[in-house]
Amino acid sequence: MSVENDYPIVPVGLIGATKCTEPDHARRSVGSAEHGPHEKLSGRADMAMPIMHGIGPTMIPRPQRMYLRFGAPIETTKPARISEAKWVDTVKQNTQESLEQILADLLVVRSDDPYRELNPLAWRSATQPSSEN
């Protein structure tokens, strides 16, 4: 659609959102009785839905830093001497490579962040420059 309308694509990467709530593998399903809530939610009797939890057994998200980065816009205006199909493939490839690079960079930033699981009440002091320099 971007190629058809000459809209640039701005790749955006976000790391950390999935760490706020995670499936509880110890408690695999919502109910285990026949025709339980899992069947009503999923429509299948043979499939159990995982319980998601945040802080403790609640759905309150765990405090986690999220890392967001916007990439450089990717031009989608088709050059004159290239087929539409080849250009679409090129734009898809450029977008994928840009997103993969952004996510890889953010994973490095997150792994180097000593405050990534810090309580939100302490974030202000964690963002202040160290006086040890």
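Keep in mind the model is a prediction, meaning the values are calculated, not measured.

The rules we used
Residues numbered from 1 in each chain as written. Predicted model: local features only at pLDDT ≥ 70, side-chain atom pairs only at ≥ 80, totals over all residues. Heavy atoms only, no water. Helix = DSSP H or I, 4+ residues; strand = E, 2+ residues; numbered from the N terminus. Buried < 20%, exposed > 50% of the residue type's maximum accessible area, 1.4 Å probe, protein only. Contact = heavy atoms within 4.5 Å. Areas by Shrake-Rupley, 256 points an atom, 1.4 Å probe, with all protein chains shown as cover. Expected span 1.5 Å × (residues − 1). Patch = residues over 30% accessible without salt bridge, like charges linked within 9 Å, V, L, I, M, F, W, Y side chains within 5 Å. Salt bridge = Lys/Arg side-chain N within 4 Å of Asp/Glu carboxyl O. Polar contact = N/O pair within 3.5 Å; in protein donor to acceptor, adjacent residues only side chain to side chain. pLDDT = per-residue confidence, 0-100. Pairing = 2+ DSSP bridges.

K.L.:
Please give an account of the overall build of the protein that cites residues and values.
P.N.:
Per the secondary structure count, the protein includes 4 helices and 4 strands. Written out in order from the N terminus, the α and β elements of the protein read α-β-β-α-β-β-α-α. Within the span of the protein, comprising 133 residues, buried residues form 21% of the whole. Put simply, 71% of the contacts in the protein that link residues at least 6 apart link residues at least 24 apart. As displayed, the protein offers around 9,800 Å² of accessible surface, 57% of which is attributable to carbon and sulfur atoms.

K.L.:
Can you break down helix H3 (residues 84-111) residue by residue, with the values?
P.N.:
Counted at 1.5 Å a residue, the expected span for H3 with its 28 residues is 40 Å, and the 41 Å between its end C-alpha atoms agrees. Among the residues of H3, Trp87, Val91, Thr95, Ser98, Ile102, Leu106 and Arg110 are the ones counted as buried. Tucked into the core, H3 has its buried residues touching helix H1 (2-5), strand S1 (12-15) and strand S4 (67-70).

K.L.:
Residue-level account of a nonpolar patch on the surface, with values.
P.N.:
Taken together, the side chains of Val10, Val12, Leu14, Met66, Leu68 and Phe70 present a nonpolar region at the surface, about 560 Å² in accessible area. Among the secondary structure elements, those contributing two or more residues to the nonpolar patch are S1 and S4. Examined against the element boundaries, Val10 turns out to sit in the loop between H1 and S1. With relative accessibility at 43%, the residue Val10 sits in the partly exposed group.

K.L.:
A description of the pattern of salt bridges should follow, citing residues and the corresponding values.
P.N.:
Scanning the entire structure with this criterion turns up 1 salt bridge. One salt bridge in this structure joins Arg69 and Asp105, with 3.7 Å as the shortest N-O distance. You can see Arg69 sitting in strand S4 and its partner Asp105 sitting in helix H3, a full 36 residues away along the chain.

K.L.:
Any chance you could break down the environment of Asp113 for me, citing the residues and the numbers?
P.N.:
Position of Asp113 relative to the elements: it lies in the loop between H3 and helix H4 (123-127). As for Asp113 and Arg65, which are separated by 48 residues in sequence, their C-alpha atoms are 9.4 Å apart. Once you skip the residues sitting within four places of it in the chain, Asp113 turns out to touch Arg65 and Tyr67. Within the local environment of Asp113, its side chain forms a polar contact with the side chain of Tyr67, the two groups lying 2.5 Å apart.

K.L.:
Can you break down unusual backbone geometry residue by residue, with the values?
P.N.:
The backbone phi angle of Asp6 is positive, close to 55°, even though this residue is not glycine. For Asp6, the position within the fold is in the loop between H1 and S1.

K.L.:
I'd like a rundown of the confidence of the model for the protein, residues and numbers included.
P.N.:
This prediction gives the protein a mean pLDDT of 76; 55% of its residues lie at or above 70. Of all helices and strands in the protein, the one with the weakest mean pLDDT is strand S2 (residues 22-24) (56), whereas H3 scores best (95). This stretch, residues 25-33, has a pLDDT under 50; its non-local contacts, to residues over four places away or in other chains, come to 17 contacts.

K.L.:
I'd like a description of the pairing of S1, backed by residues and values.
P.N.:
Side chains of S1 alternate between two faces, with Gly13 and Ile15 buried and Val12 and Leu14 left unburied. Note: S1 against S4, 4 bridges, orientation antiparallel. Counterpart to Leu14 in the pairing with S4 is Leu68.

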